[in-house]
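# Coordinates in review
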Amino acid sequence: MSQIQQKVELIQSEVIAAGTVRLTLNAPDIAAAAVPGQFVMVQTAQGLDPLLRRPFSIHQINSEGLLQILFKVVGRGTERLAQCRTGEQLSILGPLGNGFNLGESGNACLVGGGMGIAPLLFLASRFLQQSHGGVTPRVILGARNREELVPLMGDFLALGIEVLAATDDGSFGYHGLVTDVLKTLNLTSQSSVYSCGPKPMMAAVHHLCQKENIPCQVSVETVMACGMGACLGCAVPLKAGGYAHVCSDGPVFEAGELLWSL
Amino acid sequence: MEPVNVKMDELDLRVSIGSLKLQNPVMTASGTFGYAREFESYVHLQRLGAVVVKGISLEPRAGNPPPRIFETACGMLNAIGLENVGVDRFISEKMPYLSALGVPVIVNILGDSVDEYRQLAERLAESPGVAAIEVNISCPNVKKGGVAFGTDPQMAAAVTKAVKQGCQVPVIVKLSPNVTDVTLVARAVEEAGADAVSLINTLIGMAIDLKSRRPRLANVIGGLSGPAIKPVALRMVYQVAQAVSIPIIGIGGIASAEDAMEFLLAGACAVQVGTASFVNPRATEDVLDGIATYVREQKLESVRDLIGALRIG
Ligand SMILES: Cc1cc2nc3c(=O)[nH]c(=O)nc-3n(C[C@H](O)[C@H](O)[C@H](O)COP(=O)(O)OP(=O)(O)OC[C@H]3O[C@@H](n4cnc5c(N)ncnc54)[C@H](O)[C@@H]3O)c2cc1C
Ligand SMILES: Cc1cc2nc3c(=O)[nH]c(=O)nc-3n(C[C@H](O)[C@H](O)[C@H](O)COP(=O)(O)O)c2cc1C
Ligand code: FES
């Protein structure tokens, strides 16, 4: 195990869309050890309130040891992080959890919804590296509307990856659900789907994959206190009964292992 | 992991909990440190006073449905539901690692009946690495309509006696703060033969989501821990210190060496660091380093000079 607790410098803070922020941190030790799908726990305040760290997927890393997180401002912790200035030191723990199981790039299809795209950029980059830029994985992104979706696509396009877009209101790309787009790809049991997003979306992706016999990995979220397997607070129900812990058994799971109550 | 940068060699930080000798007064709190291995990349585990592990029951328990935790002002609520691997797997899978650490391992136990507590003590007595048993009496007594053992002095005494009969190692009874007068239970378990008491366990609390009008925890109510509970915990340690003569271990909201030393002054011989380890996995070691620095700077002969040294009037 090589988890690290470190103070790292905030290199850049960007508002990429209303309420959506990307932080770039100088965290070479954590970046060097990280694999796609893993996350970091970030302390959002110096004092005791908010008390607990907040979990964020590793959005991207680069060879200079920079690590990015991408998040939506939803409450006090994320609000504080959004206010952090360049040069500030942030305490982070990581890399935590188990990442995605990488198959072959050509067979991979990444399906993200809203902020669920956060871990998929790092994953897409690794697929590209693995195939030496030859074969790009397919990417489907879903969001409510154009304003939400377009800013999230840029990084994929910059990597030379084509993005199939779907919006709830039809203001950009396909008018409808990511699963509708997924169906048109005619994936087979040789393919692999990697998904992260709102629970109903992941449930729909799982059910489709299950029907078509396509292997599917999902990255799930729960509230967390420790992020390292100590508090047992991050339980998700398993199909076989009992619970798994998202931070130490996940956050990536084979979708079929989980109990989808939808 | 950061190297150890506080010299301890010449300092006397030793304390004893009855016959149990500790190299220093800083322990982990049950349920907040896993089975220690979870922290091996953050903490020099061999430096700890003792490791107290997650509560163990006779049979494995799956725990409560989620959500199990919710953050509150300067604290958190939890209703984990005492999820644990059960005593057999604990002994075969967790004890080998723990006993190799070279620090005392204190096993926290929980049961549904007096007899279960006795059986647990007997099982653990067979495992050579167990330095002491900490008895969590904040659990419901299934045979007595689910009233928590820890809220009734007689039931608490009965559990204490059963555990004492079941094993030879020191028995620490962990007191529940959810009582009108904590000293009544403290006295009862002292009379029943407890070698020490530890306090406090979590305070029962609740939170509601206004939007959905639902409780924040699936279990509806849960235990409050963290800095928010420190003043209550300190008051209870102080009261119990006046009431019993067995050693006391202070727990509740300790996040710094200053917090820990307040508990020593109030009469605790040792402390446990809980929720703080979630926020700062190094919290136990930071507390230890801070105490060491204080003992050196104040030129104390030993950390024991602080125990019960509260000045009143
Ligand atoms: C492994 C993991 C990876 C994550 N990665 C990302 C990421 O890359 N980008 C991102 O934006 N978020 C991510 N999250 C979610 C993120 O941790 C929460 O949004 C954050 O903790 C909210 O903190 P807050 O203090 O701002 O909100 P709080 O004040 O804690 O809560 C505000 C509101 O948000 C809700 N909320 C809190 N936590 C979550 C959650 N985990 N999921 C859904 N709703 C929540 C609360 O119920 C509440 O209604 C991840 C979570 C996990 C477990
Ligand atoms: C997530 C969690 C799990 C806990 N599990 C146990 C347990 O299994 N047995 C027990 O006696 N106490 C348990 N406790 C209580 C702690 O050991 C401690 O008494 C309490 O949290 C107060 O200390 P703190 O404020 O430093 O956390 C648990 C606390 C938390 C937060
Ligand atoms: S968040 Fe604490 S065990 Fe997963």
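Residues numbered from 1 in each chain as written. Chains lettered and ligands numbered in written order. Predicted model: local features only at pLDDT ≥ 70, side-chain atom pairs only at ≥ 80, totals over all residues. Heavy atoms only, no water.

### Description of the overall build of chain A
Going by this rule: Helical segments are the DSSP runs of H or I of at least four residues, strand segments are the runs of E of at least two, and each set is numbered from the N terminus. The atom set for the radius of gyration is the C-alpha atoms, and the globule formula is 2.2 Å times the number of residues raised to the power 0.38. A 1.4 Å probe rolled over the protein chains alone gives each residue an accessible area, and that area as a share of the maximum for its type sets the label: buried under 20%, exposed over 50%, partly exposed in between. In what follows, residue pairs with any heavy atoms lying within 4.5 Å of each other are defined as contacts. Values of accessible area rely on a 1.4 Å probe in the Shrake-Rupley scheme; residue burial ignores everything except the protein chains shown. Counted charges follow a simple rule, with Lys and Arg positive, Asp and Glu negative, and His plus the chain ends left uncounted. By convention, charge coordinates are those of NZ in Lys, CZ in Arg, CG in Asp, or CD in Glu.
On a plain count of helices and strands, chain A comes out with seven helices and 16 strands. For a compact globule of 262 residues, the expected C-alpha radius of gyration is about 18 Å, and chain A comes in at 18 Å, within 12% of that figure. With the C-alpha coordinates aligned to their principal axes, the bounding extent of chain A is approximately 50 × 40 × 35 Å. Across the 262 residues of chain A, 54% fall into the buried class. The contacts in chain A between residues at least 6 apart in sequence include a share of 64% that link residues at least 24 apart. For chain A, the computed accessible surface area is about 10800 Å², with 50% contributed by carbon and sulfur atoms. Charged side chains of chain A number 16 positive and 20 negative; the gap between the two group centres comes to 5 Å.

### Notes on the side chain of B:Glu38
All names here are of chain B. Here is the rule: In what follows, salt bridge is the name for a side-chain nitrogen of Lys or Arg lying within 4 Å of a carboxyl oxygen of Asp or Glu. Counting of polar contacts relies on pairs of N or O atoms within 3.5 Å, with two restrictions inside protein: one atom must be capable of donating a hydrogen and the other of accepting it, and residues adjacent in sequence are counted only when both atoms are side-chain atoms.
Looking at where Glu-38 falls in the secondary structure, it is placed in the loop between strand S3 (26-28) and strand S4 (51-56). At 5.3 Å, Lys-94 is the nearest oppositely charged side chain to Glu-38, a buried residue that forms no salt bridge. At 3.0 Å, the side chain of Glu-38 and the backbone nitrogen of Tyr-35 are in polar contact.

### A look at the side chain of A:Gln217
Residues and elements named next belong to chain A. Relative to the assigned elements, Gln-217 resides in strand S13 (residues 216-219). Polar side-chain contacts of Gln-217 include one of 2.8 Å to the backbone nitrogen of Asn-101. Ignoring any residue separated from it by four or fewer positions in sequence, one finds Gln-217 in contact with Phe-100, Asn-101, Val-193, Tyr-194, Ser-195, Val-252, Phe-253, Glu-254 and Ala-255.

### Quick notes on the site of ligand 2
In plain terms, the rule: Here a residue is near a molecule or strand as soon as one of its heavy atoms is found within 4 Å of it. Each residue is assigned to one of three groups, with Ala, Val, Leu, Ile, Met, Phe, Trp, Tyr, Cys and Pro labelled nonpolar, Asp, Glu, Lys and Arg labelled charged, and all others, Gly among them, labelled polar.
Neighbouring ligand 2 are 24 residues, the closest being B:Ser30, B:Lys174, B:Gly226, B:Gly253 and B:Thr275. Those chains with residues close to ligand 2 are chains A and B. B:Gly253 is positioned such that a nitrogen or oxygen atom in its backbone is 2.6 Å from an oxygen atom of ligand 2. Compared with its free state, where it exposes 610 Å², ligand 2 has 98% of that area covered by protein. Classifying every residue of the shell around ligand 2 gives seven nonpolar, 15 polar and two charged.

### Regarding the sheet that holds S3(B)
Whenever strands of a sheet pair, they do so through backbone hydrogen bonds, lying parallel or antiparallel. Residue and element names in this part refer to chain B. For clarity, the threshold we go by: For two strands to count as paired, DSSP must find a minimum of two bridges between them. All axes here are fitted lines through C-alpha atoms, helices being fitted over the stretch that makes contact, and every angle between N-to-C directions spans 0 to 180 degrees.
One open sheet accounts for eight strands, arranged S3-S18-S17-S12-S11-S8-S7-S4; its pairing is parallel. Edge positions in the sheet fall to S3 and S4, since each of these pairs with one other strand and no more. Each adjacent strand pair in this sheet contributes to an overall mean axis angle of 25°, direction not counted. Pairing analysis gives four bridges linking S4 to strand S7 (residues 105-109), with the strands arranged parallel. Looking at S7, one finds that Val-52 is bridged to Ile-106. Running over the sheet, helix H2 (residues 114-125) touches S4, S7 and strand S8 (130-136) and is turned about 165° from S8.

### Digging into unusual backbone geometry
With an omega dihedral of -5°, the bond running from A:Asp49 to A:Pro50 counts as a cis peptide bond. A cis geometry characterises the amide bond from B:Pro66 onward to B:Pro67, with omega recorded as -5°. Structurally, B:Pro67 can be placed in the loop between S4 and strand S5 (69-72). Positive phi, normally seen in glycine, also occurs at A:Asn213, with a value near 65°. Position of A:Asn213 relative to the elements: it lies in the loop between helix H6 (199-212) and S13. Judged by relative accessible area, A:Asn213 falls into the exposed class, the value being 57%. Phi is positive for B:Leu82, which is not a glycine, with a value near 55°. Mapped onto the secondary structure, B:Leu82 falls in the loop between strand S6 (75-78) and helix H1 (87-99). According to the relative accessible area criterion, B:Leu82 is partly exposed, its value standing at 25%.

### Description of the packing of aromatic side chains
All names here are of chain A. Worth spelling out the cut-off: Ring geometry is summarised as follows: Phe, Tyr and Trp rings, the Trp one being its six-membered ring, pair when their centres sit within 6.5 Å, and such pairs are stacked at plane angles under 30 degrees, edge-to-face over 60 and tilted between the two.
Applying the stated criterion to the full structure yields six aromatic pairs over all chains. Pairing Phe-56 with Phe-71 gives two aromatic rings, centres 5.3 Å apart and planes at 45°, and the pair type is tilted. One end of the pair, Phe-56, is in strand S4 (residues 54-57); the other, Phe-71, is in strand S6 (residues 66-72), and 15 residues separate them in sequence. Within the aromatic cluster, the residues linked to one another by ring pairs are Phe-100, Phe-127 and Tyr-194.

### Brief notes about the interface of chain B and chain A
Rules: Two parts placed together each lose some accessible area under a 1.4 Å probe, and the buried area is that loss summed for both.
Facing the 33 residues of chain B at the interface are 29 residues of chain A. Between chain B and chain A lies a buried interface of about 2500 Å² when both sides are counted; carbon and sulfur atoms form 63% of it. It is B:Tyr42, B:Glu71 and B:Val279 that lose the most area in chain B upon contact with chain A, and together they represent 26% of the buried surface on that side. Remark: the boundary between chain B and chain A carries two salt bridges. With its nearest N and O atoms 3.7 Å apart, the salt bridge here joins A:Arg76 to B:Glu71. Put simply, chain B and chain A have nine residue pairs in polar contact (both at pLDDT 80 or more) between them. Of all elements in the fold, only S5, S6 and helix H7 (276-279) of chain B reach the threshold of two or more residues within the side of chain B that touches chain A. Tallied by class, residues from the side of chain B that touches chain A come to 15 nonpolar, ten polar and eight charged.

### So, a nonpolar patch on the surface
All names here are of chain B. What counts, and what does not: Distance thresholds for patches are 9 Å for like charges and 5 Å for nonpolar side chains (Val, Leu, Ile, Met, Phe, Trp, Tyr), applied to residues having over 30% relative accessible area and no salt bridge.
Among the surface-exposed residues, Ile-204, Met-206, Ile-208, Val-220 and Ile-221 lie close enough to one another that they form a single nonpolar patch of about 450 Å² accessible area. Following the sequence through the fold, Ile-221 ends up in strand S16 (residues 221-225). Under the relative-accessibility criterion, Ile-221 is labelled partly exposed at 40%.

### What about the environment of B:Val147?
All names here are of chain B. Locating Val-147 in the fold gives a position in strand S10 (residues 147-148). The exposure class assigned to Val-147 is partly exposed, which follows from its relative accessible area of 40%. Sequence separation between Val-147 and Val-107 is 40 residues; the distance between their C-alpha atoms is 23 Å.

None of this, on its own, says anything about what the molecule does.
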